Amino acid sequence: MSSYRLPRNVVPVRYDIRIEPDTNASTFVGRETVEVAVREATREIVLNAVSLHIHAAAVWDERGRRLDGMVRLDEAAEQAFLCFGEPLQPGAWHLSMEFAGTLDDKLRGFYRSTFTAADGTKGALVVTQFEATDARRAFPCWDEPAFKAVFHLTLVVDEGLEAISNAIAIDARPAGAGKKMVTFAPTIPMSTYLLAFVIGKLEATGAVQVSGATIQVWSVPGKRHLASFALEAAAFSLRFFTDFYGIPYPGQKLDLIAIPDFAFGAMENLGAITFRETALLVDERAATHAELTRVAHVVAHEIAHMWFGDLVTMTWWNGLWLNEAFATFMEILAVDAWKPAWRRWDSFGASRAAAFIVDGLRSSRPIEFEVVAPKDAEAMFDVLTYEKGGAVLRMLEQYLGPEVFRDGVRRYLHTHRLANAETSDLWKSLGEAAGQPIPAVMDGWVFRPGYPMVSVEDDAKDGCLRFSQRAFHYLGDGSDEVCWQVPITYRMRIHNEVLHGRLLLDKTEGCVALPGRPDWVVINEGGHGFYRVRYASPLLEELLRAPSELMTPIERFNLINDAWAATLAGIAPLSEYLDLTTRFRGETDRHVWIPLLASFGYLMRILPPVHWSRFEALIRDRLGEVTARLGWAPKPDEGDLERQLRGEILRTMGVLGNDADIQAQAKACYADSETAVSSADPSVLTAAIAILAHAGAEREYETFLSRFKSAKTPQVEQRYLHALTGFRPPELVDRTLKLAVSGEVRTQDAPFLVRDLLMGVHSREQAWAFVKEHWDQMERLYPSQGGLRRMCEGITALATPVLEADVRQFFASRAVTFGGRALEQYLEQLQIAVSFREREKSALTTYLTKS
Ligand SMILES: [Zn+2]
């Protein structure tokens, strides 16, 4: 037990809290009475508080015996010690405190968010963001997820402002001096990090009733018309989860609130979910498929949490994946049910691939690992918790069967409702539903970092299919003697018959007897397994003769993604991968193009500038056929995925391929879109903006900058803001960098802007120099939770030996840490890129010269 953890001798049962903010002065005052259970006699109560002044603390018991307490704050440990003259005997006590604080300026705790309304007036909201450990900045509390309690909140706010919290408002009355006092109903017992309140001028959509709850979407004035898509997504999700979980929605109502300044994507406060604007507000007709799916997913994800996370909560932060992996898994299940044509499980391939990258690092970590300090809890909000966690759950669901899995989930939620649970509790419930023990299969995936690469060969002599597994790493000799229990699925054709098979590979090697020689074999059928596949050459050749006939899109996605990873890891030569890409010139599926386009972008970053034009020609060669097929104009009968693919292909042709014709057409397309009667397809328009930035100069820059500032939707604002990172002239790169520390770009967005500049081959050296010079300023400015961490993801693209050495030197001299292993992971990714560059340099030159 570390000193960060609170003792368990006194536990909260119910908080009655009254808070009164002063937005103009950026301060607040509050008082609270907490019903506590004293379990062992004590003279001291320890709870969490940070950056708060606690003026007074007193306790009294049932018989009215009252003791005043002395308050001591330990800012470093983020704890308050209340000391009493004599011991508090076991039993029920009331603890009252008065406190005051300052509204935070780093998008955490209780903070202020400002905005300019549609009519040009400036406004401000005061809002909360408590996860993981910032409720203690708003009121003294037992700020650990296991201390569930009832919250009964009263807010004193200016008349004319809306006040929203987790529960419904049950009373509002004048409080004098232009103020009103709003009292909310008591909540269910829940963890402190889920409490929320939002105060300000807000507008709501009409209410929708679903499963006994009223749903509304809230925004700052003038944006209500952008809320209907999210409202529809929310209504579907709430109904879907109520059915899936078989447990009524645990809240009294469901408000979804768009916050102009928000450090995360969204936050699952029970009944009062907060979002950054791009994740909630969208103009359905003018948005791209990617922008719409983002909203649908974030909404579904947060609503999934109302059960997974809010009703049943992890006991401590090491179990965060129980919340996040499940919400990730459930979000896809719900959106897939809502919009089957979007094929969200196929697009989840890209999320799984992102987890494969980090989890293939020597500096990876297990999904679940020990969390001691609060900073480590923040570091867990990463691709391993969400995407790897979601992927291994999908693998388990497919292994057990969807209905058995659902029954196990219901059992788990039902057993632990209004309480806390751990991974072993989940395994127990799923195991009971499945009638088989789960830990043996799952522990290796959850409590150990990494994953296997499964090699497969057709052993004609023994008439069998031979599998072997070993840990996949980008660096090192890969001789680790670990093995996973890998649920392998496969499909093959023998004697004109297609056979499906399963195997739990629980040793380093295994084999399956074959009734004959297969014509072809697909391993990881359906693509749900969290492992890579390496086919022996003859098997691969058979598949590649007709990949789009033999393999589904997600299987083709995995084939390319695994081949690319093997190339980066030095298991296969780059020329083999580049040859492989020629087989996919005629590929029609959007999801299959994703890893191809990503690998081209990566290669551009490791290539010396003298070879750029040859590489651009290679890209034009690989994309020529699909570009011609798609053209610029959407066809009447095509689906959303086809439209999205068109945008992505045109953009890659115009930017990475530097294609002059495409650039000219983009210019014409953009000019067209400026006319009042324009109906440019959003995906094409977004591509045109990126292409114009790549080819553009100051005039285009000015136009885009002003479009960013005057944007009427969050998506248009983001499109133009990120387009600024695509301009190549050094003076324009410099302007964008300055913009990122100017206060003109919200601090929620600025780290991403710098990250993109660090990733760009034309801007990275300038951006890196700027980051070094402005590090202290950025540290002060950006959100404390993940601001610099997200920005520094860009260092993975500084892929030259000289830059790598400089990056290492900088971080070593600064002793920078983001909590967890994020920095080590970035540095290892950088090392992989540089070693790859050095290893393949001459082969790549040769390849480009002869092709
Ligand atoms: Zn979540």
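Cut-offs used in this document
- Every chain's residues receive numbers from 1 upward, in the order its sequence appears when written.
- pLDDT decides what is reported in this predicted model: residues at 70 or higher carry local features, side-chain atom pairs at 80 or more are listed and counted, and totals for whole chains, interfaces and linings draw on all residues regardless.
- With hydrogens and water excluded, all non-hydrogen atoms of the structure serve as input to the side-chain values.
- Runs of E in the DSSP output that reach at least two residues are strands. Runs of H or I that reach at least four are helices, and both are numbered from the N terminus.
- Here's how the labels work: a residue is buried when its accessible area is under 20% of the maximum for its type, exposed when over 50%, partly exposed in between, all with a 1.4 Å probe on protein chains only.
- Note on contacts: a residue pair is in contact if any heavy atoms of the two residues lie within 4.5 Å.
- Per-residue and other accessible areas were derived by the Shrake-Rupley procedure at a 1.4 Å probe size, with only the shown protein chains allowed to occlude residues.
- Within this scheme the basic residues Lys and Arg register as positive and the acidic residues Asp and Glu register as negative, but His and the chain ends are omitted.
- Think of each charge as sitting on NZ of Lys, CZ of Arg, CG of Asp or CD of Glu.
- DSSP calls a pair of strands paired once it identifies at least 2 bridges connecting them.
- Convention adopted: a line fitted to C-alpha atoms gives each axis, helices being fitted over their contacting stretch, and angles between N-to-C directions are expressed from 0 to 180 degrees.
- Donor atoms are limited to N, O and S found within 2.8 Å of the metal ion, a distance that becomes 3.2 Å for Na, K and Ca. With water left out, some sites might look partial.
- Here the word oblique covers every angle except those under 35 degrees (roughly parallel), over 145 (roughly antiparallel) and from 65 to 115 (roughly perpendicular).
- If you view the pair so one helix is near and one far, a crossing is left-handed when the near helix is turned anticlockwise from the far one by less than a right angle, and right-handed when it is turned clockwise.
- All residues other than Ala, Val, Leu, Ile, Met, Phe, Trp, Tyr, Cys, Pro, Asp, Glu, Lys and Arg, Gly among them, are scored as polar; the first ten of these are nonpolar and the last four charged.
- In what follows, salt bridge is the name for a side-chain nitrogen of Lys or Arg lying within 4 Å of a carboxyl oxygen of Asp or Glu.
- Multiplying 1.5 Å by the residue count of a helix minus one yields the expected span of that helix.
- Under the rule applied, a polar contact is a pair of N or O atoms within 3.5 Å (in protein, one hydrogen donor and one hydrogen acceptor; residues adjacent in sequence only if both atoms are side-chain atoms).

## Details of the overall build of the protein chain
Consideration 1: Along the protein chain, the regular secondary structure elements total 26 helices and 29 strands.
Consideration 2: Taken along the three principal axes of its C-alpha coordinates, the protein chain extends 90 × 65 × 55 Å.
Consideration 3: Split into buried and exposed, the 851 residues of the protein chain put 60% on the buried side.
Consideration 4: In the protein chain, once contacts between residues fewer than 6 apart in sequence are set aside, the share between residues at least 24 apart is 71%.
Consideration 5: Per element, the accessible surface of the protein chain, about 31500 Å² overall, is 51% carbon and sulfur.
Consideration 6: Measuring between centres, the 91 positive side-chain charges of the protein chain sit 1 Å from its 110 negative side-chain charges.

## Points about the environment of Phe326
Consideration 1: Examined against the element boundaries, Phe326 turns out to sit in helix α3 (residues 320-338).
Consideration 2: Between the C-alpha atoms of Phe326 and Phe308, which are 18 residues apart in sequence, the distance is 6.9 Å.
Consideration 3: In this structure Phe326 touches Phe308, Trp321, Leu393, Phe405, Val409 and Leu426, once residues within four positions along its chain are discounted.

## Quick look at the sheet that holds strand β9 (residues 122-129)
Consideration 1: Strands sit in the order β8-β9-β14-β11 across an open sheet of four strands; the sheet is antiparallel. Across the chains shown, the open sheet's two edge strands, defined by having one partner strand only, are β8 (109-116) and β11 (162-165). Sheet twist, expressed as the average angle between the axes of neighbouring strands with direction ignored, equals 15 degrees.
Consideration 2: As paired elements, β11 and strand β14 (residues 197-200) share four bridges and run antiparallel to each other.

## Some points on the coordination of the zinc ion
Consideration 1: On the protein side, the zinc ion has His301 (NE2), His305 (NE2) and Glu324 (OE) as donor atoms, found 2.0 to 2.1 Å from it.
Consideration 2: One chain supplies every donor to the zinc ion, and in sequence these donors are spaced H-x3-H-x18-E. Residue His305 is located in helix α2 (residues 289-305), and its partner Glu324 is located in helix α3; the two are separated by 19 residues in the primary sequence. Neither residue differs from the other here; His305 and Glu324 are each classed as buried.

## Observations concerning the environment of Ile199
Consideration 1: You can see Ile199 is positioned in strand β14.
Consideration 2: Sequence separation between Ile199 and Gln89 is 110 residues; the distance between their C-alpha atoms is 40 Å.
Consideration 3: Contact partners of Ile199, with chain neighbours within four places excluded, come to Pro21, Ala124, Leu125, Val126, Leu155, Val157, Leu161, Glu162 and Ala163.

## What to know about the packing of helix α4 (residues 344-359) against helix α12 (residues 553-568)
A pair of packed helices is captured by two measures, namely the crossing angle of their axes and the spacing between those axes.
Consideration 1: Following both chains from N to C, one finds α4 and α12 inclined at 20 degrees, their axes separated by 9 Å at the closest point. In terms of axis orientation, α4 runs roughly parallel to α12. Viewed along their axes, α4 and α12 form a crossing whose handedness is right-handed. Here α4 contributes Trp345, Asp346, Gly349, Ala350, Arg352, Ala353 and Phe356 to the contact with α12, which in turn contributes Pro553, Ile554, Phe557, Asn558 and Asn561.
Consideration 2: A per-class count over the contact of α4 with α12 returns seven nonpolar, three polar and two charged.

## What about the pattern of salt bridges?
Consideration 1: For the structure on display, the rule yields 61 salt bridges.
Consideration 2: Notably, a salt bridge pairs Arg136 with Glu78, separated by 2.9 Å at the nearest N-O pair. Of this pair, Arg136 sits in the loop between β9 and β10 (150-158) while Glu78 is found in the loop between β5 (66-74) and β6 (79-88), placing the two residues 58 residues apart along the sequence. A single burial state applies to Arg136 and to Glu78, both of which are buried.
Consideration 3: A salt bridge links Arg224 to Glu203; the shortest N-O distance between them is 3.7 Å. A residue pair is termed long-range when its members are at least 10 positions apart, and Arg224 in the loop between β17 (213-219) and α1 (228-245) and Glu203 in strand β15 (residues 203-204) qualify at 21 residues.
Consideration 4: Judged by relative accessible area, which is 21%, Glu203 ranks as partly exposed.
Consideration 5: The network of salt bridges with shared partners includes Asp61, Arg63, Arg65 and Glu86.

## Quick notes on helix α8 (residues 423-434)
Consideration 1: When the terminal C-alpha atoms of α8 are compared, their 16 Å separation across twelve residues agrees well with the 16 Å that a helix rising 1.5 Å per residue should span.
Consideration 2: Of the positions making up α8, those classed as buried are Thr423, Leu426, Trp427, Ser429, Leu430 and Gly431.
Consideration 3: Tucked inside the fold, the buried residues of α8 contact α3, α6 (383-400), α7 (402-416) and α9 (439-446).
Consideration 4: Of the residues one or two after α8, Gly435 is the one with positive phi, at around 70 degrees.

## Some thoughts on the sheet that holds strand β25 (residues 486-494)
Consideration 1: Judged by pairing direction, the sheet is antiparallel, and its three strands sit side by side in the order β26-β25-β28 without closing on themselves. Looking at the sheet topology across the chains shown, the edges are occupied by β26 (497-505) and β28 (520-523). Strand after strand, the sheet turns through a mean of 20 degrees between neighbouring axes, direction not considered.
Consideration 2: When β25 meets β26, the two strands line up antiparallel, connected through nine bridges. Opposite Ile488, over in β26, you have Leu503 as the bridge partner.

## A word on the pairing of β25
Consideration 1: Of all nine residues making up β25, seven are buried, and the element is well covered by its neighbours.
Consideration 2: When β25 meets β28, the two strands line up antiparallel, connected through four bridges. Across the sheet, residue Arg493 finds its bridge partner in β28, namely Trp520.

## Considering the pairing of strand β13 (residues 179-184)
Consideration 1: With respect to burial, β13 is a largely interior element, five of its six residues being buried.
Consideration 2: Alignment of β10 against β13, held across five bridges, turns out to be antiparallel. Bridge pairing links Val157 to Lys180 in β13.
Consideration 3: Pairing between strand β12 (residues 169-176) and β13: six bridges, direction antiparallel. Pairing of Gly176 across the sheet is with Lys179, part of β13.
Consideration 4: Two successive antiparallel strands, β12 and β13, enclose a turn made up of two residues, where Ala177 displays a positive phi of approximately 55 degrees.

## A closer look at the side chain of Gln715
Consideration 1: One can find Gln715 in helix α20 (residues 714-723).
Consideration 2: Judged by relative accessible area, which is 5%, Gln715 ranks as buried.
Consideration 3: Only 3.3 Å separates the side chain of Gln715 from the backbone oxygen of Thr278, close enough to count as a polar contact.
Consideration 4: Among residues more than four places away in sequence, those in contact with Gln715 are Thr278, Leu281, Val282, Asp283, Glu291 and Val295.

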